[in-house]
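Letter by letter, the chains look like this.
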Amino acid sequence: MNRPDQVNPDSILDELSTRQHLHPHRSLQQILAEAQRKLGFCMGAAQAAIAWLRLDASLAVGRLRRSELIQLARSIHRFWRQALADSVPQSQLT
């Protein structure tokens, strides 16, 4: 499994953009599941990003604008880092 320090937001964006171009009629949820399997980001982070950006996961990914993909990729990365930081025991932080 990859970690956020191994996968940057641009890598997520590249993967989403490629999948949007190749499979524009697939749902955002399908594309995110495929990208998650390849890159290893936390699916919970992807769900949090969708909710935070108020995107419809059932919408065809081809309907998303470039700016929305950029925001989604950055948000996934941010929520993924946050989820990992929240899961670190307090004893390891001191």
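Above this text is the structure in question.
Quick summary incoming for the structure in this document.

1. Some details on the packing of aromatic side chains
Moving on, step 1. Tallying each qualifying case throughout the model produces two aromatic pairs.
Moving on, step 2. Pairing F41 with W80 gives two aromatic rings, centres 6.4 Å apart and planes at 70°, and the pair type is edge-to-face. Within this pair, whereas F41 is found in the loop between α2 (28-39) and α3 (43-53), its partner W80 is found in helix α4 (residues 66-87), the two being separated by 39 residues in sequence.
Moving on, step 3. The class for F41 is buried, based on a relative accessible area of 1%.
Moving on, step 4. Residue W80 is classed as buried on the basis of its relative accessible area, which comes to 1%.
Moving on, step 5. Their ring planes at 75° and their centres at 6.2 Å tell us that W52 and F79 sit as a pair that is edge-to-face. Taken as a pair, W52 in helix α3 and F79 in helix α4 lie far apart in primary sequence, 27 residues in all.
Moving on, step 6. Directly above the ring of W52 sits R78, whose terminal nitrogen or CZ lies 4.8 Å from the centroid.
Moving on, step 7. Taking NZ or CZ as reference, R78 lies 5.5 Å from the ring centre of F79, over its face.

2. Let's talk about the nonpolar core
Moving on, step 1. Counting 25 residues, the largest nonpolar core has I12, L16, L28, L32, F41, L72 and I76 as the members making the most contacts within it.
Moving on, step 2. Elements represented by at least two residues in this core include exactly α1 (9-22), α2, α3 and α4.
Moving on, step 3. With six residues, the single largest contributor to this core is α4.
Moving on, step 4. Once you skip the residues sitting within four places of it in the chain, L16 turns out to touch I31, L32, A35, L69, L72 and A73.

3. Concerning unusual backbone geometry
Moving on, step 1. For R54, which is not glycine, the phi dihedral falls at a positive 60°.
Moving on, step 2. With respect to the helices and strands, the residue R54 is situated in the loop between α3 and α4.
Moving on, step 3. Of the residues examined, R54 reaches a relative accessible area of 77% and is grouped as exposed.

4. Regarding α3
Moving on, step 1. Along α3, the positions that sit buried rather than exposed are A45, A46, A49, I50 and L53. The arc that holds the buried residues of α3, viewed along the axis, is 140°, so those residues lie on one side. Facing away from the buried side of α3, by more than 90 degrees, are the exposed residues A51 and W52.
Moving on, step 2. For α3, the secondary structure elements touched by its buried residues are α2 and α4.
Moving on, step 3. The first or second residue beyond α3 is R54, which carries a positive phi of 60°.

What counts and how
- Per chain, the residues get numbers from 1 upward, laid out in the order the sequence is written.
- Since the coordinates come from a predicted model, pLDDT governs what is reported: local features require at least 70, and pairs of side-chain atoms require 80 or more to be given and counted, while whole-chain, interface and lining totals use all residues.
- Calculated side-chain values reflect all of the structure's heavy atoms, with hydrogen atoms and water omitted.
- Whether two aromatic rings pair depends on their centres lying within 6.5 Å, for rings of Phe, Tyr and Trp, where Trp uses its six-membered ring; planes under 30 degrees apart make the pair stacked, over 60 edge-to-face, and the rest tilted.
- Comment: elements are numbered from the N terminus, with helices defined as DSSP H or I runs of at least four residues and strands as E runs of at least two.
- Whether a residue is buried, partly exposed or exposed follows from its accessible area with a 1.4 Å probe, protein chains only, as a fraction of its type maximum: under 20%, in between, or over 50%, in that order.
- Charges are assigned to positions over rings by a cutoff of 6 Å between ring centre and Lys NZ or Arg CZ, combined with an angular limit of 35 degrees from the ring normal.
- Only buried residues count toward a nonpolar core, which is a set of Ala, Val, Leu, Ile, Met, Phe, Trp, Tyr and Cys residues joined through side-chain atoms within 4.5 Å.
- Here, residues are in contact when the closest pair of their heavy atoms is within 4.5 Å.
- Our arc is simply the arc of the directions from the helix axis toward the C-beta atoms.

Distances and angles like these do not, on their own, reveal function.
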